[in-house]
Structures are given as C-alpha cells and as structure tokens.
Amino acid sequence: MNVEEVPEPGAARRSRPEDLLAWVAGYAVELGRVGSGPLRRVSVSCGGTTVEVEWSPRAAAAFPAVEFAANGDGNHAAEAPRPERNGGEPPGRDAADGSRIVVASPMVGTFYRAPEPGAAPYVEVGDVVEAGQQVGIVEAMKLMNPILAECAGRVAEIVADDGAPVEYEQPLIVLVPDDGR
Amino acid sequence: MFNTVLIANRGEIALRVLRTCREMGIRAVVAHSTADRDTPAVRQADESIQIGPPQPKRSYLNAAAIVSAALQTGADAIHPGYGFLSENPEFAEICQAHGLTLIGPPPEVIARLGDKASARAFAIEARLPVLPGGPDDPDATDPAEAKRAADEAGYPVVIKAAAGGGGRAMTVVRDPGEFLPAFAATRREATALFGDPRVYVEKYVDAARHIEVQVLADGHGNVVHLGVRDCSIQRRRQKLIEETPPPNLPVKAIERIGALAVRAARASGYVGAGTFEFVLDEDGGVFFIEANCRLQVEHPISEMVTGIDLVREQLLIAAGRPLGRRQEDVVPYGVALECRVNAEDPFRGFLPAPGLIERFVPPGGPFTRVDTHAVPGLRVTADYDPLIAKVAVWAPTREEVLARMDRALGEFTVSGPGLCTNLSFLRDVLAHPLFRHAKHTTSLVDEMMSTPVS
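Now for a quick tour of the structure.

Reading guide: rules and limits
Residues numbered from 1 in each chain as written. Chains lettered and ligands numbered in written order. Predicted model: local features only at pLDDT ≥ 70, side-chain atom pairs only at ≥ 80, totals over all residues. Heavy atoms only, no water. Helix = DSSP H or I, 4+ residues; strand = E, 2+ residues; numbered from the N terminus. Expected span 1.5 Å × (residues − 1). Buried < 20%, exposed > 50% of the residue type's maximum accessible area, 1.4 Å probe, protein only. Arc of directions from axis to C-beta. Pairing = 2+ DSSP bridges. 1 Å grid on protein atoms, 1.4 Å probe; cavity = no way out; pocket = protein on both sides within 12 Å on 5 of 7 lines; lining within 4 Å. Points joined across faces, edges and corners; volume = space filled by probe spheres on them. Nonpolar A, V, L, I, M, F, W, Y, C, P; charged D, E, K, R; others polar. Axes fitted to C-alpha atoms, helices over the stretch in contact; angles between N-to-C directions. Parallel < 35°, antiparallel > 145°, perpendicular 65-115°, else oblique. Left-handed = near helix turned anticlockwise from the far one by under 90°. Contact = heavy atoms within 4.5 Å. Patch = residues over 30% accessible without salt bridge, like charges linked within 9 Å, V, L, I, M, F, W, Y side chains within 5 Å. Areas by Shrake-Rupley, 256 points an atom, 1.4 Å probe, with all protein chains shown as cover. Salt bridge = Lys/Arg side-chain N within 4 Å of Asp/Glu carboxyl O. Lys, Arg positive; Asp, Glu negative; His and termini not counted. Charge placed at Lys NZ, Arg CZ, Asp CG, Glu CD.

With respect to helix α8 (residues 179-194) of chain B
All names here are of chain B.
- Helix length check: α8, at 16 residues, gives a terminal C-alpha distance of 21 Å against a target of 22 Å (1.5 Å per residue), a fit within 8%.
- Within α8 the residues assigned to the buried category are F179, A182, F183, T186, R187, A190, L193 and F194. Axial view of α8: buried residues confined to an arc of 140°, hence all on one face. Facing away from the buried surface of α8 by more than 90 degrees, the exposed residues are P181 and R188.

Here it is in structure tokens:
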C-alpha cells in the first residue's frame, strides 16, 4: 500500500472552497496516474486539505510512501517529511505459521459484510478470492471504504461481525492460501 | 455534565486528563495509536480505541479517525490535550458538525489566535502592546516589504512562521545583509513543516523574560486569571523549567499583566482555559507575543499555587457552567516550579535520545507532583516528543522551592539502553547563580552550553 499526502499551498487555502476542491481533485487525478499499479483508493478531504492515493500492493515497491505533516505543533514533533515506517502497516501474515493472511481494518469504523442491508455478503467462508477483490466495507463518517483482499486465497474465517464497530488494525477476515483442492 | 469524554492524546497528558475525569465520575475513553496500546492511560481507561499507526499524521492528527472513534464509543466530548489537534480550527469545526463538544475555545477563536500572524493583528486591534515588526497584512509575500518592517523594527529581528509552533521555523537575524536569504529559508521551512509559507517579522529581544498568564473564561462573559508563569528557561526555544509567580517581578506588575491578559481574553471572545504569552524586556516593557488555545504542559504549577484543577474547570466550562469564582477569589499562595524531564542529550544540542526505560524510580515526598506516563519497560520512541515526566514542586518561598526541586531531581532514577536524559542538566540550571538570583533570561541555557564549566 502506498499513501501520498499533500500539504495545501498557502494560496489555495485562502481561495474559494470550490476552487480548492477543483484543485485538490485535479491533484488527486494527477497523483493517481503516477502509480504503475492499478488505482485502489482516492480519498480527498477538503477541510485541512488532504489527498490520499493508494495503489495496489504490486506498485508499492516502486513508490516509497512519503508523508508530509501539514499540521505541526509545539509539543509533539511530527518530523516531516520522512519515510513511513514499515512497522506502521498491519502485519498481514500470521507470524505463527505464515499461512494465515489477516485482512485487517485500515481505520476506525463499522464493518459491513454486504453492500447493503439484506444483500448477499461479499464473501462467505470457503470462498476463493482474487487479489484486489472486495471482501467487505468499513464505514467511517458516512464514507464507505471498500476492504480488498491484498492477495488471493480462500476465506477461512470471518472474524468481525456484520455491523460491528472496529478499530484500526482489527482483524476482519482470515484467508489461507488456496491450494486448489 | 458530560457522560463520556474521549481523550485524543497520549503520554502524560492523556493520563492527567483521565484522572480528573475519573474524579468527576465521567467515563473516559482513550484513543491511541498502535505504538501506545500498552500504556498506563490505555490500561486505566474505561474504554480504549485504536485509531491508527504510530505516525501522528495517521493517528493523533487524523481528525476523521478521532471523530469516528468518539461517535463509536458514545463520547459527547473530546479532550484534545496539548499539541496534535488541540489548536486546529478545522478539527474544532468537524467536532461541532458531528455534535461533539471539543474541550477548548470555539473554532473561530482558535483560527484567530492560533495563527501567529493573525494573533498579532488581533493584538494590534485590541490595543495590546506588541513588539515592532510586520508586515501588518499576514498574507503579504513581498520580501522587500518584510525587509522594510525589519529595518524599521531594528536588528536583531526574528522571522516567525504564522502557522508555527514549538519554536520551529523561527530565524533570528542580526545583520540586515542576512535578512533576505533568511526570509526565503524560513518560508521554505514553514512550507515543509506546516504546509503554509506565511511568515512575519518581529523585533528580537536578546535579554528577555518569557512570561505567560493562565486565564479561565466561561461562556457567560466571566474571565479570571490564575497568575503569571515565568518560562524563561528554554532550549531550542522550547520550555524546560517554569515557575510561578515570576521571581523578582513586583506584585503590581503581575496584577497589571494579569489584567492585560484578561482584557485580551475578553476582546477575543475566549472560552475555556488559555494562555496569553508576553515577553518582558530589560526595561520592564511588556509585549504580547502569542496565545495558546489549550491546556499548557506547565499548567500544574498554576494548579499548585491556586488549588484550582484546570482540567476540571475546562470540563465545567465546556459543559456550559459559569465560573464559580471571581478574580478576588483566586489567591495564589507560595511558589511552584516545574522541570520537564526529557529523553534528550544536552551535550548533543538537546537532540532527542530515545530508548528503552529499564529503571524508573520517580521522586516523591512533600509537595512533589510527578506527571508521567513512564514505567519500566516503556520505549521512548522517535514518533513522539521526548517528554518522560514533569516534576512540579511547591513551597512557601522560592528558596525552599529550589531546594525541594533539587532534592526531587536527585531522587529521580531513569535509565536504560540508548536512553539519555536532561536530569543532571536541569540540576545545573537550578544551581546556576543567574537562576538562583532570578537574573536569568531566555538566553541562559545557550550561555551555559557555550561556557564550559571549569
């Protein structure tokens, strides 16, 4: 996963909101193009101006994540810019046997197994999923964030309940490599 | 009163806020990053919620994550502590839009006072004394105009980032010929650190004392001050030792500066606990420099001399209660001193020296307060500021308070692999003749570092 966040320029900050939004959206599209992998997620927030672009994992190596702290403060130093730590991301693979792949929540929110109430769940235990396939939703502040399988596998367990509040990095679904049987 | 407060901070201040919540019977939820999941505040919380990875930008500075966490845990208010989102007007607006009370002043007050350039413009409008400088339009970008303001103010001057804080993106210029390159460099630094290139110029006072007034303002137009703190002992323009009342400052002067801050708070429509900062020059001139729209790191010393719990007052004010006291009811007594014990190396320019805390024995004893989140086994990481503990002591007189602090710091044991602290340096400052005789200014630490003790 790769995240790029852009500090707002002072000039844009004081222009009209619609200009700012247009500029931010334009920047997001531009950023989306520079990744060699398929675009995975674009998140634009206008207040405080953040653009986050995520490419699929395969492109990650080519674009080391860079983070700019747009909001400095006196007492807690966020030295910026500086490279993101490897340890910051969900561990993904279970350390014990290396075969279980945990799909964890990328944010605080509410986990949903299906696109809407009453609809069929994205996945059930036993299903085989492709890398990049949607397996659920985490809703945060009314935004539906698709949860994608980072690699192919078979769904071994659905850990989080439908509609359950989840924390950052909380396991949602466990995959095991699909050996074809 | 609130039922549940979400604490959107970490370290000692998360624990500090949590303790008052507990005393008031308020449920406390601690929002934390993955790096802080095993800390005392998280363990003591009624509920905790993991909001992101160690990088502040994606956890403690992530407004969406914090608001989601508050909504998810049923919090009706958010205490931002200090630093992080505590002075972010956009965050205050987001909280408001989601029906959450942010414990602090209203967004428009934060926007006006939190930006240093607009705070200066406010002070001029409110007829508060300010240092010569400019340009008066905070949005001006013309280097020649800034140079003119510097020339008029007279050198040395300091170029400061409007969005700055924590002493970063600040450049002192002593020679007019160095102004333009320094101006460009500070703008670049401000852009990199704060995403905002705006800077302004002020006369720089070499032999200055840095003093500040703690105020409390409710939503009904009542404002009181809790006395004045002297924060002249700084390194890298960050405070190291704070004292109240300021030594060698006549009671009349303290009252006058207190009244000035109360007037500033009223003029700005301030609500909550806040701090108005001033510099005091050699001739006794007082100049407004900035306002802090939050609880300060050094708030315990004001609590010790007044007997007022500032976090409790913050919560009561945010819940709409009127202040329970008038100015004449605030009667500071005695002297209080705070030392910030940091994981840093004084002999390497006070660079943070993070590491693993193996042994940790904080001081105790009479009138000795230690605000800390540290325990043996805690790793001080480079992700956050290097504060390990705040030691605050009280005594009836300054002489006794200095002896008490030296005793307390002498008791303090912090050690571990890679870890380095400023404990012995703090004791050197306490023993310094200029500090003992209260003749010190903001340049004392630099003087000590450049004059080796023989």
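Description of the sheet that holds strand β8 (residues 134-140) of chain A
Residues and elements named next belong to chain A.
- The four strands lie next to each other as β9-β8-β6-β11, forming an open sheet whose pairing is antiparallel. At either end of the open sheet lies a strand with only one pairing partner, and these are β9 (143-148) and β11 (165-166).
- Pairing geometry for strand β6 (residues 109-112) and β8, over three bridges, is antiparallel. What sits directly across from Y112, in β8, is I137.

Quick notes on empty space enclosed by the protein
Residue and element names in this part refer to chain B.
- One pass over the full model with this rule turns up seven cavities of 30 Å³ or more.
- Roughly 70 Å³ of internal volume is contained in the second largest cavity.
- Along the walls of the second largest cavity sit 14 residues, with R10, G11, D36, T39 and A41 positioned nearest its centre.
- Looking at the lining of the second largest cavity, the elements that each hand over two or more residues are α1 (11-23), β2 (27-33) and α2 (40-44).
- Each residue belonging to the lining of the second largest cavity can be placed in one class, and the counts come to seven nonpolar, five polar and two charged.

Considerations on the packing of helix α7 (residues 143-153) of chain B against α8 of chain B
Residues and elements named next belong to chain B.
- Axis separation between α7 and α8 bottoms out at 10 Å; the angle between their running directions is 120°. With respect to their mutual orientation, α7 and α8 come out oblique. Judged by the twist between their axes, the crossing of α7 over α8 is right-handed. Touching P143, A146, K147 and A150 of α7 are F179, L180 and F183, all from α8.
- Of the residues in the contact of α7 with α8, the class split is six nonpolar, no polar and one charged.

Description of a negative patch on the surface
- A cluster of acidic residues, D136, D137, D142 and E145 of chain B, forms a negative patch at the surface.
- On the secondary structure map, D136 of chain B appears in the loop between β6 (133-134) and α7.

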